[in-house]
Amino acid sequence: MVEAHSSVIFGLDPLWLATTVMIVTYGIIISEKLNRSIIALLGAMLMIMFGLLTQEQAVAGIDFNTIGLLVGMMIIVSITRKCGIFEYLAIWSAKLVKASPAGILAMLAVVTAVVSAFLDNVTTVLLVVPVTLVITEALKVNPYPFLFSQIIASNIGGTATLIGDPPNILIGGQVGLTFNDFVIHLTPVIIVVLIVHVLSIHLIWGRSMVAAPDLCAKVMGFDEKKAITDHRLLKLASFVLAVVIVAFVLARYLGLDSGTIGMGGAALLLMLDNLGKSPEHQSENVVKVYNEIEWITIFFFIGLFIVIAGVEHAGLLKLLADKLLAATGGDFMVTGMSILWSSAVLSAIVDNIPFVATMIPLIKAMAPAFGGADALMPLWWCLSLGACLGGNGTLIGASANLTVAGIAERNGIPFRFMTYTKIAFPLMLIHVAICHVYLLWRYF
Amino acid sequence: MSAPPAVLKPSDTLRLGLQTMVHHRLPAVPVVESDERFVGMLPRSRLIALAMPRLLSHEDQTHPLSHLLQVGFIQDTLTELQERIDAVANDPVSQHIDPEVPVLEPDTPLMNAMLFLYRQRNILPVVENGKLLGIVSVWDVLARIGRIT
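Residues numbered from 1 in each chain as written. Chains lettered and ligands numbered in written order. Predicted model: local features only at pLDDT ≥ 70, side-chain atom pairs only at ≥ 80, totals over all residues. Heavy atoms only, no water.

**Q** Lay out the overall build of chain A in plain terms, naming residues and giving numbers.
**A** Assigned secondary structure in chain A consists of 24 helices and zero strands. Referenced to the eigenvectors of the C-alpha coordinate spread, the extents of chain A come out at roughly 75 × 55 × 45 Å. Looking at chain A residue by residue over its 444 residues, the buried ones come to 58%. Once local pairs closer than 6 in sequence are excluded, the contacts in chain A between residues at least 24 apart make up 81%. Carbon and sulfur atoms make up 70% of the accessible area of chain A, which totals about 17600 Å². Measuring between centres, the 23 positive side-chain charges of chain A sit 11 Å from its 26 negative side-chain charges. (Helix = DSSP H or I, 4+ residues; strand = E, 2+ residues; numbered from the N terminus. Buried < 20%, exposed > 50% of the residue type's maximum accessible area, 1.4 Å probe, protein only. Contact = heavy atoms within 4.5 Å. Areas by Shrake-Rupley, 256 points an atom, 1.4 Å probe, with all protein chains shown as cover. Lys, Arg positive; Asp, Glu negative; His and termini not counted. Charge placed at Lys NZ, Arg CZ, Asp CG, Glu CD.)

Next up, the structure:
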């Protein structure tokens, strides 16, 4: 650390220089003037070129456990979806409620939340929204409430597990929390929040939704079995997904980190999917799968990890942690609730990934004040619930929101910032208030 | 290059566009203002797209994950496809012009035209100073390269 600082250019103060690089990087990320992966990588390069980090320190700052889990899950999804299971699930659930619009509105929210608990939120909405649009077009009902509800449900469901949402992947990976920790501590309150969400959506839109009986009959005529194109792949993918989930549950006993499990599952499924194919066919197949990895997200994470390593080495996060502790008077409950609400409100306005990535080392630095790393556990739940659910507050709060808005606009469905926020922000506050009560009851 | 068998005005209805396309067996019909100024092409793919659920013809290139890979579960009948076309039949063709269609100029190299035809285009407009001079169709080219007279 000392070595790197001794070579800071022009003998500038490393603390101020690193802070400036971080603020400028985050500022440009928020302004959305440049693709976020480009700006994060540029920020990372500056940290090294200014002598704030050596290349070795920068590489050590990248959390390859998180990267491995993200890439692994992306590969698994890219292969699994080819068998049509996600279309099957959406249509099956719509038919389960006799294709009544109010029933479908509720069912698709639940399906989105459950799928999102195991897959990244953006991936989930990319898989569920297209089928939703086909169903709403057939029913001739306004698709907006469905898309709105799925955005919120994907962010809620993602909070339930270690692998559901990038902030949780980050927290789990960097703090060393397991899949089971998240299920035990977060899933119960997330189920309550999901029920409240489904009820609110029913009150706002569902109860007044109607569709002509012949249109419902048309959706009932959708044949979900025809969505399953590859039964062999369906069996293989289900097997690998089951293995991956069991491995997550048993991770602590197996001594495996989540990155290994994600990449291991991906390698296993790639192998099973390509066994017996000609070498040319295999190459073509594998390239297609790799092309569907969301490289923007991966390079964004890599750049961000280095930027944060830069400010961490410069001592900024320790300084901020001390200030935060002073502001909360070192009171554990006040600190926890401040983290919950500030994460929620900030995540509604800015990308929650850089926010959480910065908060993790900051909270870790508080360990001595609260009696060691183990005592910090409730603070991680405050951070996760605040950051993940806060993303629902505005249209720019989480990547899934913008993804759905983009697809909607391209399909001629207006998706405006204010129309969304007017309903979503109050709903988000209710969800965070439920978490507030839960956290107080369980941990403080 | 040959003279286009038919052209449309921007204000013509989509129904007329469809009739023209079927009648002349054209893969795309040039749309031209009354002063011969070239506006664009109405391609058959656009008319096929209008008969399908909207989502299928608006594939999002930035998110390949959102493309439905299998649509056999949608049980639309011929009547439903016809109804979708009926709903837009009176739209002016100007609303459905494909802006992506490549345009040739008199001095466009032959190889560029060949590559467009190879990449799934069957008919290319030749435009000079904004005016439509004629079309190059895959049939013209096949006849010339195969010495078929």
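Still more ground to cover, so stick around.
**Q** So what's going on with the packing of helix α5 (residues 64-80) of chain A against helix α18 (residues 295-314) of chain A? Which residues, and what values?
**A** Between two packed helices, the angle of one axis relative to the other and the distance separating the axes together describe the packing. All names here are of chain A. At a minimum axis distance of 11 Å, the contact between α5 and α18 shows a crossing angle of 175 degrees. One element, α5, and the other, α18, form an angle in the roughly antiparallel class. Only T297, I298, F301, I302 and F305 of α18 make contact with α5, whose side of the interface consists of T66, I67, L70, V71 and M74. Residue composition of the contact of α5 with α18, grouped by class: eight nonpolar, two polar and no charged. (Axes fitted to C-alpha atoms, helices over the stretch in contact; angles between N-to-C directions. Parallel < 35°, antiparallel > 145°, perpendicular 65-115°, else oblique. Nonpolar A, V, L, I, M, F, W, Y, C, P; charged D, E, K, R; others polar.)

**Q** Could you give an account of the interface of chain A and chain B, with specific residues and numbers?
**A** Listed by partner, the interface residues are 27 residues for chain A and 22 residues for chain B. In total, chain A and chain B occlude about 2300 Å² of area from one another, counting both sides; carbon and sulfur atoms represent 62% of this. For the pair chain A and chain B, the number of links is three salt bridges. Summed over the shared surface of chain A and chain B, the number is seven residue pairs in polar contact (both at pLDDT 80 or more). Counting only elements with at least two residues in the side of chain A that touches chain B, the list comes to α6 (85-96), α8 (121-139) and α23 (399-410) of chain A. Broken down by element, the side of chain A that touches chain B gets its largest block of residues, eight residues, from α8 of chain A. Classifying every residue of the side of chain A that touches chain B by side-chain character gives 11 nonpolar, six polar and 10 charged. (Buried area = accessible area lost by both parts, 1.4 Å probe. Salt bridge = Lys/Arg side-chain N within 4 Å of Asp/Glu carboxyl O. Polar contact = N/O pair within 3.5 Å; in protein donor to acceptor, adjacent residues only side chain to side chain.)

**Q** Let's hear about the packing of aromatic side chains: which residues, and what values?
**A** Residues and elements named next belong to chain A. Across all of its chains, the model carries 16 aromatic pairs over all chains by this definition. Relative to W205, the ring of F148 lies with its centre 5.1 Å away and its plane at 70 degrees, an arrangement referred to as edge-to-face. Taken as a pair, F148 in helix α9 (residues 144-159) and W205 in the loop between α12 (187-204) and α13 (213-220) lie far apart in primary sequence, 57 residues in all. On the accessibility criterion, F148 (0% relative accessible area) is buried. A residue is classified by how much of its surface remains accessible, and W205, at 17% relative accessible area, is buried. Ring geometry for F415 versus Y420: centroids 6.4 Å apart, planes at 35 degrees, classification tilted. Accessibility assignment for this pair places F415 and Y420 in one class, buried. Ring pairs connect the aromatic residues Y144, F148, W205, F415 and Y420, which therefore count as one cluster. (Phe/Tyr/Trp six-rings, centres within 6.5 Å; stacked < 30°, edge-to-face > 60°.)

**Q** Outline the nonpolar core, supporting the account with residue identities and numerical values.
**A** Residue and element names in this part refer to chain A. Within the largest apolar cluster, 164 residues are counted, with the highest numbers of intra-cluster contacts made by L383 and F415. In terms of residue count, α18 provides more of this core than any other element does, 12 residues in total. Every residue in contact with L383, bar those within four places of it in the chain, is listed here: I171, I339, S343, F355, V356, M359, I360 and I363. (Core = buried A, V, L, I, M, F, W, Y, C linked by side-chain atoms within 4.5 Å.)

**Q** How would you sum up the packing of α6 of chain A against helix α7 (residues 101-118) of chain A? Please name residues and give values.
**A** Residue and element names in this part refer to chain A. Where α6 contacts α7, the two axes come as close as 8 Å, and the packing angle between them is 145 degrees. Seen from above, α6 lies across α7 with right-handed handedness. Taking contact as the criterion, the partners of F86, L89, A90, S93, A94 and L96 in α6 are, on α7, I104, M107, L108, V111 and V115. Its residues assigned to classes, the contact of α6 with α7 comprises 10 nonpolar, one polar and no charged. (Left-handed = near helix turned anticlockwise from the far one by under 90°.)

**Q** Break down the pairing of strand β2 (residues 38-43) of chain B for me, citing the residues and quoting the values.
**A** Side chains on a regular strand alternate between the two faces of the sheet. Residue and element names in this part refer to chain B. Along β2, five of the six residues are buried, which leaves the element largely enclosed by surrounding structure. Pairing geometry for strand β1 (residues 28-32) and β2, over five bridges, is antiparallel. Residue pairing for β2: V29 is matched across the bridge by L42. Counting the residues between successive antiparallel strands, the hairpin from β1 to β2 contains five residues, one of them, E36, with a positive phi of roughly 70 degrees. (Pairing = 2+ DSSP bridges.)

**Q** How would you sum up a nonpolar patch on the surface? Please name residues and give values.
**A** Residue and element names in this part refer to chain A. A contiguous nonpolar patch, built from V246, V249, L250, Y253, L254 and L256 and spanning about 560 Å² of accessible area, is present on the exposed surface. Of all the secondary structure elements, the ones that give two or more residues to the nonpolar patch are α14 (231-249) and α15 (251-254). Tracing the chain through its elements places L250 in the loop between α14 and α15. Classification of L250 as partly exposed rests on a relative accessible area of 35%. (Patch = residues over 30% accessible without salt bridge, like charges linked within 9 Å, V, L, I, M, F, W, Y side chains within 5 Å.)

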